[in-house]
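These are the residues of each chain, in order.
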Amino acid sequence: MDSGTHFVMGIALGGLALVDPVVANHTMTFTAVMAGTIIGSQAPDVDTVLKLRNNAIYIRHHRGITHSLPAVALWPILITLVLAIIIQDANVFHLWLWTFLAVALHVFVDIFNAYGTQAIRPFSRKWVALGVINTFDPIIFSLHCLGILLWAFGANPIWTFSIMYLIIVGYYILRFAIQRAVKKAVHNTIQDEDYVIVAPTMRFFHWRIAAKSKTHYYVGRAYGRTVNIYDKFEIKPLPKTPAVEAAMKDPNLDAFISFSPLYRWEISELENGLTEVRLIDLRYRSDNRYPFVAVAHLDDDNEIITSYTGWIFTEDKLQKKLQIGASN
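Residues numbered from 1 in each chain as written. Predicted model: local features only at pLDDT ≥ 70, side-chain atom pairs only at ≥ 80, totals over all residues. Heavy atoms only, no water.

Draft legend 1. The side chain of Thr37, seen in detail. Inspection of the secondary structure assignment puts Thr37 in helix α3 (residues 27–42). On the basis of relative accessible area, Thr37 is assigned to the buried category, the value being 0%. (Helix = DSSP H or I, 4+ residues; strand = E, 2+ residues; numbered from the N terminus. Buried < 20%, exposed > 50% of the residue type's maximum accessible area, 1.4 Å probe, protein only.)

The following block contains the structure:
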């Protein structure tokens, strides 16, 4: 989920913590728990700072080790130790308990996005992504804001947030049912698909579709059970040339491959004599473009001159990024 949703979830969980008599009857413990649930709801996303390094490192590691099983255990301990020093009268066990729930809830809800997490590390580095909830879901965010507003105006937080979470559980179940119906509709449309990605959008009945058969890639959208296929690409093996082999070892392209399960490629000769190898993620079609790409430019000796991976919505911006990379 996005940072804003994790933030309001932290507040809501802090309010729900009043069901705990130790929290409800001790002001300093409640203060510490509220701080713990808010901080705990954000802590796993500390790896966002990797963007300051470069996109390749961020793509490869975001929602990785910071969302792993060891991290879920360590974050609450670290947060509790810091808060216990600052708020010394707080009950440490109950502070740890609610902070742990906040961290665990953060990682748990991220599993339901299309991006997913490496939540079962160190047992597996597999990305767990159920793809039923958009990274920002306006319904989930609005329900939390409504619950917090009702609490601010005097509603009982325990009942308010308990009812809210029951509604959200029902909403998740409904999203799974709709996703299942969309997958069935995709099968009826394509029929020979081997692999299908059905990803949510911010619109309730709108879903992104990327599918693969033995011979083609398909990209489209579903509106309810109506499936529209916009693009169909023939699957062609990536050429085994020295230029391609060199490009695929580049950190930007390597990170892209680790992240993208469904992509096509383009190879072209540029006017300046360089060879361009471009990988295009098929999951994120927007306004007739595929904005998530990885690009490498190589010279005649198959040396990487510049490369880039990330979100680019115009070709001009991509070329500027590549020029910056070449100058560095």
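After that view of the structure, there is still more to cover.
Draft legend 2. The environment of Phe100, seen in detail. The residue Phe100 is located in helix α6 (residues 92–110) in this model. Owing to a relative accessible area of 28%, Phe100 belongs among the partly exposed residues under this scheme. Considered as a pair, Phe100 and Trp75 are 25 residues apart in the sequence and their alpha carbons are 7.6 Å apart. The residues touching Phe100, leaving out its near neighbours within four places in the chain, are Val72 and Pro76. (Contact = heavy atoms within 4.5 Å.)

Draft legend 3. How the structure looks around the pairing of strand β7 (residues 292–298). The buried count for β7 comes to seven of seven residues, which makes it a mostly enclosed element. Side-chain alternation along β7 places Phe292, Ala294, Ala296 and Leu298 on one buried face and Val293, Val295 and His297 on a second face that is also buried. Strand direction decides the pairing type here: strand β6 (residues 275–281) and β7, joined by six bridges, are antiparallel. In the sheet register, Thr275 faces β7, and the bridge partner there is Leu298. In this sheet, strand β8 (residues 304–311) lies alongside β7 in antiparallel orientation, the contact comprising seven bridges. Bridge pairing in β8 links Val293 to Gly310. Hairpin connection of β7 to β8: five residues between the antiparallel strands, including Asn302 at a positive phi of 60 degrees. (Pairing = 2+ DSSP bridges.)

Draft legend 4. Layout of a nonpolar patch on the surface. A cluster of nonpolar residues, Leu74, Ile77, Leu78 and Leu81, forms a patch on the protein surface that exposes about 380 Å² of accessible area. Residue Leu78 is classed as partly exposed on the basis of its relative accessible area, which comes to 48%. (Patch = residues over 30% accessible without salt bridge, like charges linked within 9 Å, V, L, I, M, F, W, Y side chains within 5 Å. Areas by Shrake-Rupley, 256 points an atom, 1.4 Å probe, with all protein chains shown as cover. Salt bridge = Lys/Arg side-chain N within 4 Å of Asp/Glu carboxyl O.)

Draft legend 5. Region of the structure containing the sheet that holds strand β5 (residues 263–269). An order of β5-β6-β7-β8 is seen for the four strands of this open sheet, with the pairing classed as antiparallel. The outermost strands of the open sheet, each flanked by one partner alone, are β5 and β8. Sheet twist, expressed as the mean angle between neighbouring strand axes with direction ignored, is 10 degrees. Helix α10 (residues 251–259) rests against β5, β6, β7 and β8 of the sheet, and its axis sits at about 150 degrees to β7. (Axes fitted to C-alpha atoms, helices over the stretch in contact; angles between N-to-C directions.)

In short, shape yes, function no, at least from these values alone.
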